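Results of the structural survey
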Amino acid sequence: MQLDLFEKWRKKTGYRMADRQIGYRGKKFDEVCFQRQLREKMDEGRPTASLTGAKMREIPFKVAQDFILKYEWLGTMGTTKFSLGMFCEDELTGVMCFGLTAGTGALSEVFGEGNKSYGIVLVRGACASHAHPHSGSWMVGQAKAELARRGYLFVIAYSDPEAGEIGTLYQATNWQFYGFTSPVNYLVRPDGKRVDPKIIHKYAKKRGITSQQQKQDFVDEGYTFERGGRKLKYFLVFGAKSKVKQLKKELRVKTYPYLKRDLGMENLYDVWKREVAA
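Residues numbered from 1 in each chain as written. Predicted model: local features only at pLDDT ≥ 70, side-chain atom pairs only at ≥ 80, totals over all residues. Heavy atoms only, no water.

Let's shift gears to the pattern of salt bridges. Pairing is possible between side chains that carry opposite charge, provided their charged atoms lie close to one another. This model, assessed by the stated rule, comprises 10 salt bridges. Put simply, D66 and K62 hold a salt bridge, and the shortest N to O gap is 3.2 Å. Here K62 and D66 lie together in helix α3 (residues 61–71), a separation of 4 residues that amounts to about one turn. Exposure remark for D66: the relative accessible area of 35% places this residue in the partly exposed category. Given a relative accessible area of 55%, K62 falls into the exposed group. (Salt bridge = Lys/Arg side-chain N within 4 Å of Asp/Glu carboxyl O. Helix = DSSP H or I, 4+ residues; strand = E, 2+ residues; numbered from the N terminus. Buried < 20%, exposed > 50% of the residue type's maximum accessible area, 1.4 Å probe, protein only.)

Laid out in structure tokens, this is it:
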């Protein structure tokens, strides 16, 4: 019954998931991130695309979704609000998806409640297997200009060490690292797809029952729970210098030196807590 509800919602919105069990999965805490492994797996031997004359513009949800489901390891669109695509010689070779996710307090945490409307979350991002090696950095630069044009002043993003991520792109493009998230218990559907546990409360409200009853219904139908690990948190500010200067005065979090892979991917949080955040 719960899957039927999801199917109705999928047909209404056009939202899909990749045909990969819980996204692409490699070895936990691998030295090579899942995203790169998947991109290399999709490599068809095409010549590397050139950034000369490359352009970035907003693209429709469906276009972004088709690209993300192919090249992004999670295989879903998350809570995408809008997407920007990188075009090299009129071919889509990179996508960045932005939205509002990661909890209601994620945006207010960085610069306070009064500034959260100036923030947005980078919820998904990927490049084609034949994209230029510097495509990620190029897209960040272009996205900053477009986000500023839309009235945003900062963006936050996350890196998952369990997926081999440490935030290489964010570090290369001067984002600020501000600690780790708390672990989340994900809800895993019978078909293996991992979804946000917030749907428990949404479905409960829709059906007029308690969240506890809804949770039990999910369990009875074969849903399970999977505890996720802590993720690294990054933010990036941009826009007019005067606005950025004023925003930085409202900073509510402490920033830290970048973490590196030689610390051991599985031990990043423990090392950070013991040696850096103490």
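So, next bit.
On to the nonpolar core, then. Of all hydrophobic cores here, the largest spans 36 residues; its most connected members are F98, V155 and W175. Residue assignment for this core shows that the elements contributing at least two residues are β2 (80–88), β3 (91–99), β4 (119–127), α5 (135–149), β5 (154–159), β6 (176–180), β10 (232–237) and α10 (268–276). Residue contributions to this core peak at 5 residues, all from α5. Not counting residues up to four positions away in its chain, the partners in contact with F98 are T79, T80, K81, F82, L84, I120, V121, L122, V123, A143, L147 and V155. Formed by 28 residues, the second largest nonpolar core is a distinct cluster that contains A64, F67, Y71 and V110. (Core = buried A, V, L, I, M, F, W, Y, C linked by side-chain atoms within 4.5 Å. Contact = heavy atoms within 4.5 Å.)

To continue, consider the sheet that holds strand β7 (residues 185–188). The 3 strands are arranged β8-β7-β9 in an open sheet whose pairing can be described as antiparallel. Of all strands in the sheet, those with a lone pairing partner are β8 (194–195) and β9 (224–227), marking the two edges. Examined bridge by bridge, β7 and β8 share 2 bridges and lie antiparallel to one another. From the neighbouring strand, L187 faces β8, where its bridge partner is V195. (Pairing = 2+ DSSP bridges.)

Moving on, we get to unusual backbone geometry. The phi torsion at D90 lies on the positive side, around 70°, for a residue other than glycine. Of note, N174 is a non-glycine position whose phi angle comes to about 70°, a positive value. Among the secondary structure elements, N174 is positioned in the loop between α6 (168–172) and β6.

Overall, the coordinates contain 20 aromatic pairs when judged by the stated rule. Between Y170 and Y234, the ring centres sit 5.2 Å apart and the planes meet at 50°, which makes this aromatic pair tilted. In this pair, Y170 sits in helix α6 while Y234 sits in strand β10, placing the two residues 64 residues apart along the sequence. Residue class for Y234 comes out buried when judged on its relative accessible area of 0%. Seen from their ring centres, F177 and F180 are 5.9 Å apart, and the 85° between their planes marks the pair as edge-to-face. Taken together, the ring pairs in this structure connect Y170, W175, F177, F180, Y234, Y256, Y258, Y269 and W272 into an aromatic cluster. Sitting over the face of the ring of F82, R150 holds its NZ or CZ atom 4.2 Å from the ring centroid. Between the NZ or CZ atom of K215 and the centre of the ring of F225, over which it lies, the distance is 5.1 Å. (Phe/Tyr/Trp six-rings, centres within 6.5 Å; stacked < 30°, edge-to-face > 60°. Lys NZ or Arg CZ within 6 Å of the ring centre and 35° of its normal.)

Before going further, it helps to spend a moment on the sheet that holds β4. An order of β1-β2-β3-β4-β5-β10-β6 is seen for the 7 strands of this open sheet, with the pairing classed as mixed. Edge positions in the sheet fall to β1 (55–59) and β6, since each of these pairs with one other strand and no more. Going across the sheet, the axis of each strand differs from the next one's by a mean of 30°, ignoring polarity. As paired elements, β5 and β10 share 6 bridges and run antiparallel to each other. Each residue of the ladder has a partner; that of Y158, found in β10, is K233. (Axes fitted to C-alpha atoms, helices over the stretch in contact; angles between N-to-C directions.)

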